[in-house]
Amino acid sequence: MLEQLLIFTRGGLILWTCKELGNALKGSPIDTLIRSCLLEERSGAASYNYDAPGASYTLKWTFHNELGLVFVAVYQRILHLLYVDELLAMVKREFSEIYDPKRVEYDFDDTFRQLRKEAEARAEELRKVKPVGKGVNDGRKQVVKRGSGFDGGNKENKSEGNEGGDGGDEKGRKLESGRSNGNYNVVEGNRGMGLANGKENASSNNGAFDVSKLQKLKSKGGKKTNDTGVVSKGSKVDPKKKVTKKNRVWDDSPKEAKLDFTDPMEENGIENIEVVAADQGESMMDKEEIVSSDSEDEEDEEVGKDSKPDAKKKGWFSSMFQSIAGKANLEKADLEPALKALKDRLMTKNVAEEIAEKLCESVAASLEGKKLASFTRISSTVQAAMEEALVRILTPRRSIDILRDVHAAKEQRKPYVVVFVGVNGVGKSTNLAKVAYWLLQHKVSVMMAACDTFRSGAVEQLRTHARRLQIPIFEKGYEKDPAVVAKEAIQEATRNGSEVVLVDTAGRMQDNEPLMRALSKLIYLNNPDLVLFVGEALVGNDAVDQLSKFNQKLADLSTSPNPRLIDGILLTKFDTIDDKVGAALSMVYISGSPVMFVGCGQSYTDLKKLNVKAIVKTLLK
């Protein structure tokens, strides 16, 4: 049974809800849909599942982008209503005809009642015809399987040739005239490669490979292979292309600064802190980064790229007329070339493939049906929409001002606790020291807690940083319970008046359940103010797996009904990736947590904020 159907504007004004349904929804599924999908560029998904105490809902939606309307249907997940998509399309069509931006109330109940009856009747008819459709689908699967070209046997190949030559076309026409199906194109493609060339396959040795594919490769790539062969031969003989190693040039340059700080420090701590500040300089966290605008050059490049394929499809006059007059409504077919180019560009910048796909689907859903303005290209419209989406995703939705939160905790007479978590070797201890240095510059007293009791040398590494920065460290050695060590460290910080406790934890893979259980216990027992996930900027698709599994394990292994998840992200090794900045987007998109710090070097000052505009510009360059 349909629980609720409502229509509202992009601005959040509810225009109509079905009074006939009027069911009180448990929880707040509509608000969660807006926060989790519509505002975070996940609107390209087919549906959204919402779990509330005592109820589980499925939400489906559609947009009218030209009018700025959103249509949402809510129903019990267990029911699997087949008519919801068709009902939303019919409601969208009928309501858009009576919509007036000046009106806020609509009498749409009678129309909706009629549309609902029609949609339910069609769904019932489809349910009755389902067994027949199932048989057709089974037959099509068999044809696809047989036409693959890898099944041995001369008899099967001969029968395939007969089916493809005689009955295959008729069958394809019947499917085409009946109802559209995404698998139809696959069948045609397989018929073209496997069935139509059945006689040739029959003469091959037990169907070891597809002869038609081989012929196709020969016809298309014959010249290229010959050319490349000639070039490769020439490259071996040609002495001019031989690369010679340049001689090393020795100069009298001064020695580099000493990087080993393990020597014992002097007893006067205040003077040593001033020496560190003088050596390292001001932290990059307090410096503003200026981004230059090269949008004109990028736009010119886009025009140059997109003009070639357009010239093949349309004449000069028609494309010029369309750019002047504007296109009536953007369709999915119009957006696909530009979206495909954007997806490829995002993936080359190290964005996870799954996230690039979802982003493009979301942008397509937000543009489909919109009218293209005059003197505007589709590629520039798609790029502008993607830029807005990326800025919206990367901009934090809550305050990430740690200094303000530290002062608020100080007023409550308790230390501000930050826990650093992440996989092995990403730089948790080093970046913990960078955060400590930045806090010291803002006159905040800091204490370190060595809770990595697993890795050899971890306590000594943190002790070296603490001695260098002249801040206290709480340690209990190795093979101790890290949750207990952290709790005692917080108690010690409360006694000695430290304002911030930075907790270092052992690196662990997201699939290591014993270590993940220990981390969940540490977070549950100490209830830190901030849980920072430290991740490398070098990772691509693995970022999605790491963050999603970390959050999932923390939720599953926690004994609290409201488990603590990751609050923020610290990206390390950002100076080693050039323009491959996609890991930042992947991590923020999959977790919903902001990037709070970016590590960009080996010294204590090499820590800065994420510049959203610079990241978006780099991703779309």
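Residues numbered from 1 in each chain as written. Predicted model: local features only at pLDDT ≥ 70, side-chain atom pairs only at ≥ 80, totals over all residues. Heavy atoms only, no water.

Points about a nonpolar patch on the surface
And then number 1: A contiguous nonpolar surface patch, about 330 Å² in accessible area, is contributed by Met-1, Ile-78 and Leu-79.
And then number 2: Along the chain, Met-1 falls in the segment before β1 (2-9). (Patch = residues over 30% accessible without salt bridge, like charges linked within 9 Å, V, L, I, M, F, W, Y side chains within 5 Å. Areas by Shrake-Rupley, 256 points an atom, 1.4 Å probe, with all protein chains shown as cover. Salt bridge = Lys/Arg side-chain N within 4 Å of Asp/Glu carboxyl O. Helix = DSSP H or I, 4+ residues; strand = E, 2+ residues; numbered from the N terminus.)

Thoughts on the sheet that holds strand β3 (residues 48-52)
And then number 1: Taking strand neighbours across the sheet as the criterion, the five strands line up as β2-β1-β5-β4-β3 in an open arrangement whose pairing is antiparallel. Only two strands of the sheet have a single partner each, and these edge strands are β2 (14-17) and β3. In this sheet, neighbouring strand axes are inclined to one another by 25 degrees on average, regardless of whether the strands run parallel or antiparallel.
And then number 2: Across seven bridges, the pairing between β1 and strand β5 (residues 69-76) is antiparallel. The partner of Phe-8 across the bridge, within β5, is Val-70.
And then number 3: Contacts from helix α1 (residues 29-38) reach β1, β3, β4 (55-64) and β5 within the one sheet, and its direction differs from that of β4 by about 60 degrees. (Pairing = 2+ DSSP bridges. Axes fitted to C-alpha atoms, helices over the stretch in contact; angles between N-to-C directions. Contact = heavy atoms within 4.5 Å.)

As for the sheet that holds strand β13 (residues 607-608)
And then number 1: Read from one edge to the other, the open sheet built from eight strands follows the order β8-β7-β9-β6-β10-β11-β12-β13, with strand pairing classed as mixed. Here the strands that pair on one side only, and so sit at the sheet edges, are β8 (473-474) and β13.
And then number 2: Pairing of strand β6 (residues 416-421) with strand β10 (residues 530-536) involves four bridges; the strand directions are parallel. Residue pairing across strands places Val-421 opposite Phe-533, the latter belonging to β10.
And then number 3: In the packing of helix α14 (residues 402-411) onto the sheet, contacts are made with β6, β9 (500-504), β10 and β12 (595-599), and the angle to β6 comes to roughly 135 degrees.

Brief notes about helix α21 (residues 612-619)
And then number 1: Counted residue by residue, α21 has seven buried out of eight residues, so it is predominantly covered.
And then number 2: Taken residue by residue, α21 has Val-612, Ala-614, Ile-615, Val-616, Lys-617, Thr-618 and Leu-619 as its buried positions. (Buried < 20%, exposed > 50% of the residue type's maximum accessible area, 1.4 Å probe, protein only.)

What about the environment of Ile-34?
And then number 1: As for its placement among the helices and strands, Ile-34 is situated in helix α1.
And then number 2: The class for Ile-34 is partly exposed, based on a relative accessible area of 25%.
And then number 3: The sequence separation of Ile-34 and Gly-12 amounts to 22 residues, and the corresponding C-alpha distance is 9.4 Å.
And then number 4: When neighbours within four sequence positions are excluded, Ile-34 is seen to be in contact with Phe-8 and Leu-39.

Looking at the environment of Asp-545
And then number 1: Mapped onto the fold, Asp-545 is located in helix α19 (residues 542-557).
And then number 2: For the pair Asp-545 and Met-587, spaced 42 residues apart in sequence, the C-alpha separation works out to 9.5 Å.
And then number 3: A polar side-chain atom of Asp-545 sits 2.8 Å from a polar atom in the side chain of Gln-510. (Polar contact = N/O pair within 3.5 Å; in protein donor to acceptor, adjacent residues only side chain to side chain.)

Remarks on α19
And then number 1: For α19, with 16 residues, the first-to-last C-alpha span of 22 Å sits near the 22 Å given by 1.5 Å per residue.
And then number 2: Every buried residue belonging to α19 is among Ala-543, Val-544, Gln-546, Leu-547, Phe-550, Asn-551, Leu-554 and Leu-557, and all of these are buried. (Expected span 1.5 Å × (residues − 1).)

Remarks on unusual backbone geometry
And then number 1: Backbone geometry places Gln-470, a non-glycine residue, at a positive phi of 60 degrees.
And then number 2: Of note, Gln-470 is situated in the loop between α16 (458-469) and β8.
And then number 3: Under the relative-accessibility criterion, Gln-470 is labelled partly exposed at 26%.
And then number 4: A positive phi angle, close to 60 degrees, is found at Glu-479, a residue other than glycine.
And then number 5: With respect to the element layout, Glu-479 can be found in the loop between β8 and α17 (482-496).
And then number 6: For Glu-479, a relative accessible area of 77% translates into the label exposed.

Things to note about the packing of α17 against helix α18 (residues 513-526)
And then number 1: One can describe the packing of α17 onto α18 by two numbers: an axis separation of 8 Å at closest approach and a directional angle of 30 degrees. Regarding the angle of α17 to α18, the classification is roughly parallel. Where α17 crosses over α18, the handedness of that crossing is right-handed. Contact residues: α17 offers Pro-482, Ala-483, Ala-486, Lys-487 and Ile-490, while α18 offers Lys-521, Leu-522, Leu-525 and Asn-526. (Parallel < 35°, antiparallel > 145°, perpendicular 65-115°, else oblique. Left-handed = near helix turned anticlockwise from the far one by under 90°.)

Structural notes on the UniProt feature "domain: SRP54-type proteins GTP-binding" (unreviewed entry) in the chain
And then number 1: The residues that UniProt annotates with the feature "domain: SRP54-type proteins GTP-binding" (unreviewed entry) are residues 594-607.
And then number 2: Between the C-alpha atoms that bound residues 594-607 the distance is 16 Å, and the span itself is 0% helix and 43% strand. (UniProt positions renumbered as here; feature names shortened; annotations may be inferred.)

Some details on the nonpolar core
And then number 1: Among the nonpolar cores identified, the biggest contains 109 residues, and Leu-502 and Phe-597 are the most heavily contacted of them.
And then number 2: For this core, the element with the highest residue contribution is helix α13 (residues 378-394), accounting for eight residues.
And then number 3: Non-local contacts of Phe-597, meaning those with residues more than four positions away in its chain, are made with Met-285, Ile-402, Val-435, Trp-438, Leu-532, Ile-569, Leu-570, Leu-571, Leu-607 and Lys-608.
And then number 4: Counting residues in hydrophobic clusters, the runner-up holds 26 residues, among them Trp-16, Leu-81, Leu-115 and Ala-119. (Core = buried A, V, L, I, M, F, W, Y, C linked by side-chain atoms within 4.5 Å.)

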